[in-house]
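# Tertiary structure, described
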Amino acid sequence: MGAALRDIKRKVRAIEKTKQITRAMNMVSASKLKFAQTRIEDFRPYAEKLLEVLSSLSQRVDPSHHPFLAIREVKRARILLATSDRGLCGGFNTNVIRVAERLMKDKTAAGVEVELVTIGKKGRDSFRKKRNIVGQYI
């Protein structure tokens with residue numbers, strides 16, 4: 001009886017330690033996400049100015065001079081889906097996959113051929129049976 005009780009107590013301690021480690025990992029992940037969000041938000045004014053400069057340039061150049069400026073019908077689209085391989089970011093992965101599915105559905109409905117390139121295991125695993133993945137990076 002004493003050995004069984006000792007084993008149970010040892011198991012409870014191990015579970016509590018795992019819980020504590022998981023909580024710490026969650027806090028670190030939240031901190032890293034907040035830092036990344038702050039950096040992206042700080043970059044927004046530069047992105048807006050860059051878009052303004054590029055649109056100004058594209059309006060001044062004759063589209064026949066460069067193929068990137070030509071307006072063409074969209075026949076194919078390639079979506080680059082970036083998810084994590086593992087970790088405590090299930091909400092992030094779920095939201096990214098949901099947006100990609102919606103985008104693919106909209107493009108397909110518009111008659112556009114959609115190709116998918118995945119970065120990360122979660123995105124690859126999510127679309128492995130649903131879509132043709134033309135490239136994958138893990």
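Let us look at the structure shown here. (Residues numbered from 1 in each chain as written. Predicted model: local features only at pLDDT ≥ 70, side-chain atom pairs only at ≥ 80, totals over all residues. Heavy atoms only, no water.)

## Details of the side chain of Asn 93
Secondary-structure assignment places Asn 93 in helix H2 (residues 90-109). Under the relative-accessibility criterion, Asn 93 is labelled buried at 7%. Residues within four places of Asn 93 in sequence aside, it is in contact with Thr 83, Ser 84 and Lys 122. (Helix = DSSP H or I, 4+ residues; strand = E, 2+ residues; numbered from the N terminus. Buried < 20%, exposed > 50% of the residue type's maximum accessible area, 1.4 Å probe, protein only. Contact = heavy atoms within 4.5 Å.)

## Observations regarding a nonpolar patch on the surface
Nonpolar side chains collect at one region of the surface, where Leu 50, Val 53, Leu 54 and Leu 57 lie side by side and expose about 360 Å² of accessible area between them. Mapping Leu 50 onto the fold places it in helix H1 (residues 2-60). Exposure remark for Leu 50: the relative accessible area of 49% places this residue in the partly exposed category. (Patch = residues over 30% accessible without salt bridge, like charges linked within 9 Å, V, L, I, M, F, W, Y side chains within 5 Å. Areas by Shrake-Rupley, 256 points an atom, 1.4 Å probe, with all protein chains shown as cover. Salt bridge = Lys/Arg side-chain N within 4 Å of Asp/Glu carboxyl O.)

## Quick notes on the pattern of salt bridges
Enumeration according to the criterion identifies six salt bridges in this entry. Measuring nitrogen to oxygen at the nearest pair gives 2.9 Å for the salt bridge that ties Arg 124 to Asp 125. On the accessibility criterion, Arg 124 (16% relative accessible area) is buried. Residue classification places Asp 125 among the partly exposed residues on the basis of a relative accessible area of 41%. When salt bridges with common partners are traced through the structure, they connect Arg 76, Arg 78 and Glu 115 into a single cluster.

## A look at the nonpolar core
Note that soluble globular proteins tend to have their nonpolar side chains buried in a common cluster. Listed in full, the eight residues of the largest apolar core are Ile 79, Leu 81, Ile 97, Ala 100, Met 104, Val 114, Leu 116 and Phe 127. Mapped by element, the contributors of at least two residues to this core are strand S1 (76-82), H2 and strand S2 (113-119). Counting residues per element, this core draws most heavily on H2, which supplies three residues. (Core = buried A, V, L, I, M, F, W, Y, C linked by side-chain atoms within 4.5 Å.)

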